[in-house]
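Report on the structure
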Amino acid sequence: MRRVRSLEYQFDTFFTAHVHDVRRYTATFVKDERVDDVVQRTFITAWERFADIPEGSERVWLLGVVRNHARNTWRSERRADALAAAIEHARPEVSVELTRNGYGPTEIVPLMDVLRDLNETDCELMVLSGWFEMTPTEIGQLFDKPANTIRQQLFRARKIVHERFDDLLETGELQ
Amino acid sequence: MKPTDPIELFNQLEPPTPSNADERNATILAAVHKHAETTRPLRSRNPWILGGGAVAIVFATAAFAVLRTSSVSDPTATSCYATADITGDLVGLDTSDDPVEACRQLWIDGILGNGDVPPLTGCVNEAGAAVVVPGEGAVCNRVGLAELEPGLTAEQQAAVTVNDTLIDLFGTECFDQATAVEEVERQLDAAGLDEWTADAPEDFDPATPCAGPGIDAASKRIFVIGARKR
């Protein structure tokens, strides 16, 4: 006998599968107190468009919705500031070896300064490739741009980060 | 000592999930359930890339059709930005011989801004699309774009004309997939655009049986996608 799952059941499964990524991504756009609002709006949109979500590209579709909601709702909140705040929240205590490879405040503080100066697109490319391990093709779907364009932008963004980070370490001119 | 790789460092710094995330997610799901009690999902299958709302304020039927279907690599599309920030709000237009003038009209009409028209500058993004932003001088450079060279090539203009014709044609009559592709091919032949091709990237859905055209100028292609009956 063929069993038919209700739409609500399918949606709950979909929610459970993707809410973690949606929350993570939203946290890179807005401060923590606003994350739940954007996540909720995103899944309400997902419910309303449930039949339209392309199979196999659910994550990219959802992140696109997050992007729109976050940018439309909280435009006054600079992306890079939210990102830097998120990282600051995550960084280890000074006395503790914070990262897996033993990086500490000496490196993290200048990196945060670099991020604050990055434009929104470059920040987002860093997040999507680094934290979400998305390929240029997937990011291209999200941005509606060819994968080659994304590759070039990503290359440029990383180069900027490298150069500014090295400069800051060299000169010690931290904000 | 090995120098610090800031990219590797960044990748390690992803913020942890909040400890109360499960509880917060449950609250969100309950709120969505409540919303779902009064709203059923749409059954139609729309192009998904704009799903979730509107960073772009899209208006006019023709512009709508093109924006929803064409890629950013389309050099015949024009984006008019509200601020000198290419991640900000924009109005998308389809085709224009003079992108700056087309966008200026939006400012005059109050669609952008409050009626005061700032100096506007035409730029080109990395995909080759025209972008018009408020500002003067090196504003394109400041937002990471190249300056716009006015005018389209003859070939681009011919493709734009074909696309405009198709928008009008498909807007007044429902063309099925096969007929629409044939019509695009016919129009391309008539315009002498021998290097251009026509296709349908996806089979039309029963809910969206009528063709809408889109241009992908980077690959010299006009494609059709399914749209709802008008």
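Residues numbered from 1 in each chain as written. Chains lettered and ligands numbered in written order. Predicted model: local features only at pLDDT ≥ 70, side-chain atom pairs only at ≥ 80, totals over all residues. Heavy atoms only, no water.

**Structural notes on the overall build of chain A**
A count of helical and extended segments in chain A gives eight helices and zero strands. Overall, chain A shows an N-to-C arrangement of helices and strands of α-α-α-α-α-α-α-α. Within chain A, residue pairs in contact and separated by at least 24 positions form 72% of the contacts whose partners lie at least 6 positions apart. Accessible surface, chain A: about 8,500 Å² in total, of which carbon and sulfur atoms supply 45%. (Helix = DSSP H or I, 4+ residues; strand = E, 2+ residues; numbered from the N terminus. Contact = heavy atoms within 4.5 Å. Areas by Shrake-Rupley, 256 points an atom, 1.4 Å probe, with all protein chains shown as cover.)

**So, unusual backbone geometry**
Residue and element names in this part refer to chain A. Although it is not a glycine, Glu133 adopts a positive phi angle of roughly 50 degrees. Examined against the element boundaries, Glu133 turns out to sit in the loop between α6 (120-130) and α7 (136-143). Using a relative accessible area of 67% as the deciding quantity, one classes Glu133 as exposed. Located in the positive-phi region is Asp144, a residue other than glycine, with phi close to 60 degrees. Position of Asp144 among the secondary structure elements: in the loop between α7 and α8 (147-171). (Buried < 20%, exposed > 50% of the residue type's maximum accessible area, 1.4 Å probe, protein only.)

**Some thoughts on the state of the cysteines**
Residue and element names in this part refer to chain B. Counted according to the given criterion, the structure contains three disulfides over all chains. Between Cys80 and Cys103 runs a disulfide, and the two sulfur atoms are separated by 1.9 Å. Residues Cys80 and Cys103 are joined by a disulfide whose S-S torsion is about -75 degrees; by sign, that bridge is left-handed. Pair noted here: Cys80 is in strand β2 (residues 78-81) and Cys103 is in helix α4 (residues 99-108), with a separation of 23 residues, a long-range link. As far as burial versus exposure is concerned, Cys80 and Cys103 are alike and both buried. Disulfide pairing places Cys123 opposite Cys140 at an S-S distance of 2.2 Å. Between Cys123 and Cys140, the S-S dihedral sits near -85 degrees, and the bridge is therefore left-handed. (Disulfide = S-S within 2.5 Å.)

**What about the confidence of the model for chain B?**
All names here are of chain B. On average, chain B scores 72 in pLDDT, and the residues at 70 or more come to 74%. Between residues 42-74, whose pLDDT stays under 50, and residues either more than four places distant or in other chains, the model counts 91 contacts. This complex was scored by the predictor with a pTM of 0.48 and an ipTM of 0.78. (pLDDT = per-residue confidence, 0-100.)

**Examining the nonpolar core**
Of all hydrophobic cores here, the largest spans 54 residues; its most connected members are Phe11(A), Phe43(A) and Leu128(A). Taken domain by domain, the makeup of this core includes at least three residues from each of domain 1 (2-90) and domain 2 (94-171) of chain A. Discounting residues that sit within four places of it in the chain, Phe11(A) has contacts with Phe43(A), Ala46(A), Trp47(A), Phe50(A), Leu29(B) and Val32(B). Leu166(B), Phe170(B), Val184(B) and Val224(B) belong to the second largest nonpolar core, which has 17 residues in total. (Core = buried A, V, L, I, M, F, W, Y, C linked by side-chain atoms within 4.5 Å. Domains from an automatic or database assignment.)

**A short note on the confidence of the model for chain A**
Residues and elements named next belong to chain A. For chain A, per-residue confidence averages 78 on the pLDDT scale, and 75% of positions sit at 70 or higher. For residues 1-5, every residue scores under 50 in pLDDT, and the model assigns this stretch one contact once sequence neighbours within four places are set aside. Within the model, the stretch residues 90-98 combines pLDDT values under 50 with 16 contacts to residues more than four positions away or in other chains.

**Focus: α4(B)**
Residues and elements named next belong to chain B. Residues of α4 that are buried: Pro99, Val100, Cys103, Leu106 and Trp107. The buried side chains of α4 occupy one side of the element, clustering within an arc of 115 degrees when seen end-on. Each element contacted by the buried residues of α4 is listed here: β2, β3 (90-93), β4 (120-124) and β5 (130-134). The positive-phi residue at the C-terminal boundary of α4 is Gly110, with phi of around 80 degrees. (Arc of directions from axis to C-beta.)

**What about the pattern of salt bridges?**
All names here are of chain A. The final tally for this structure, using the stated rule, is 12 salt bridges over all chains. The partner of Arg41 in a salt bridge is Asp37, and the shortest N-O contact between them spans 2.7 Å. Of the two residues, Arg41 and Asp37 are both situated in helix α2 (residues 32-48); the distance of four residues between them amounts to about one turn of the helix. With a relative accessible area of 35%, Arg41 lands in the partly exposed category. Relative accessible area serves as the criterion here: at 29%, Asp37 is assigned to the partly exposed category. Through salt bridges with shared partners, one network takes in Asp21, Arg24 and Arg59. (Salt bridge = Lys/Arg side-chain N within 4 Å of Asp/Glu carboxyl O.)

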